[in-house]
Amino acid sequence: SNGDGITVTSDSYNNKIFHNNFINNTRHVYTDMNSTWDKSYPYGGNYWSNYTGVDFYSGLLQNEAGSDGIGDTPHAIDGNNTDNYPLMGPINTFDAGTWNETACYIDIVSNSTILNFQLNIAEKTISFNVIGEMGFGFCRVIIPNVIVEELWHYNYTVLLNGEPLPHVNWTDGTYTYIYFTYPHSMHKIEIIPEFPTWASMLLILIVLTVAVAVYRRRLKTPIH
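Reading guide: rules and limits
- Here the residue numbering is sequential within each chain, running from 1 through the sequence in written order.
- Owing to the predicted nature of the model, reporting of local features is limited to residues with pLDDT of at least 70; listing and counting of side-chain atom pairs is limited to 80 or more, with chain, interface and lining totals taken over all residues.
- In computing side-chain properties, one takes all heavy atoms of the structure into account and sets aside hydrogens as well as water.
- For the purposes of this section, nonpolar cores are sets of buried Ala, Val, Leu, Ile, Met, Phe, Trp, Tyr and Cys residues that join through side-chain atoms within 4.5 Å.
- Buried, partly exposed and exposed residues are distinguished by accessible area as a fraction of the type maximum, computed with a 1.4 Å probe on protein chains only: under 20%, between the cut-offs, and over 50%, respectively.
- A helix here means a DSSP run of H or I that spans at least four residues, while a strand means a run of E at least two residues long, and both kinds are numbered starting from the N terminus.
- A contact between two residues is defined here by any heavy atoms of the two lying within 4.5 Å.
- Between N or O atoms, a polar contact is any pair within 3.5 Å; within protein, one atom must be a potential hydrogen donor and the other a potential acceptor, and residues adjacent in sequence are included only when both atoms are from side chains.
- Paired strands, as defined in this entry, are two strands with at least two bridges between them according to DSSP.

**Student:** With reference to specific residues and values, describe the nonpolar core.
**Tutor:** One finds F128, V141, I143 and F180 to be the most contacted residues of the largest nonpolar core, which totals 27 residues. In terms of residue count, the dominant contributor to this core is helix α1 (residues 145-152) (four residues). The contacts of V141, once residues within four sequence positions are left out, are I106, D107, I108, F128, T176, Y177, I178, F180 and I191. Y47, Y85, F138 and Y179 belong to the second largest nonpolar core, which has 14 residues in total.

**Student:** Would you mind going over the environment of N129 in detail, with residue names and values included?
**Tutor:** Along the chain, N129 falls in strand β12 (residues 125-131). Judged by relative accessible area, N129 falls into the buried class, the value being 14%. A C-alpha to C-alpha distance of 9.6 Å links N129 and L160, two positions 31 residues apart in sequence. When near neighbours in sequence (up to four residues on either side) are disregarded, N129 contacts T113, I114, L115, N116, M186, H187 and K188. Among the polar contacts listed, one links the side chain of N129 to the side chain of N116, at a separation of 2.8 Å. At a separation of 3.4 Å, a polar atom in the side chain of N129 contacts the main-chain carbonyl oxygen of H187.

**Student:** An account of the sheet that holds strand β14 (residues 156-160) is needed here, citing residue identities and associated values.
**Tutor:** On the basis of which strands lie adjacent, the open sheet formed by five strands has the order β11-β12-β18-β14-β15 and antiparallel pairing. Among the strands making up the open sheet, the edge pair consists of β11 (113-120) and β15 (163-164). Pairing geometry for β11 and β12, over six bridges, is antiparallel. Within β12, the residue paired with L119 across the bridge is I126.

This is the structure we're talking about:
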């Protein structure tokens, strides 16, 4: 809601500007030079409230079947500047603490309102609420790989109100990207280990019980 969302002049150069929200400005960008407005795929660019593109495809060329939270066509800022991978919803950034002596953040791109974000290291879960009034909502959750490895060893499940939710994902050298959709209202989203701790312990207990029973049965079998 400014006159100019951002000003970039020839006093600076080699600018890379991404993962920002440009909302309801008279002019989102005032510039007299070229800048880079995205961090390629799958990281993406910025959210622009005047972007009118759609999201039916995914991939580097946006020609693969399935949505990904990134617009299928670039966003032309002016004659010399383009965001090649505009985000389809505002980006929300949450402090995820320090991992391997590096400050980490989790980004959630969504057309829903995001509330009550929590990262529970002890329970190995990430949870938050999504709220929307009409249509379908989506989330594109961007998590540093150091967290994905430590919490889930890259094996995780997404839950919507406690029930498994279909999702797609991508991974590069730094981040894991998880994308999913849902009908709008209020929901609780959780990302948990693929086999929760209690389920793993129960499975181990069952396996051990069966193994002991088989062993005892073999001991009772007479040898002829």
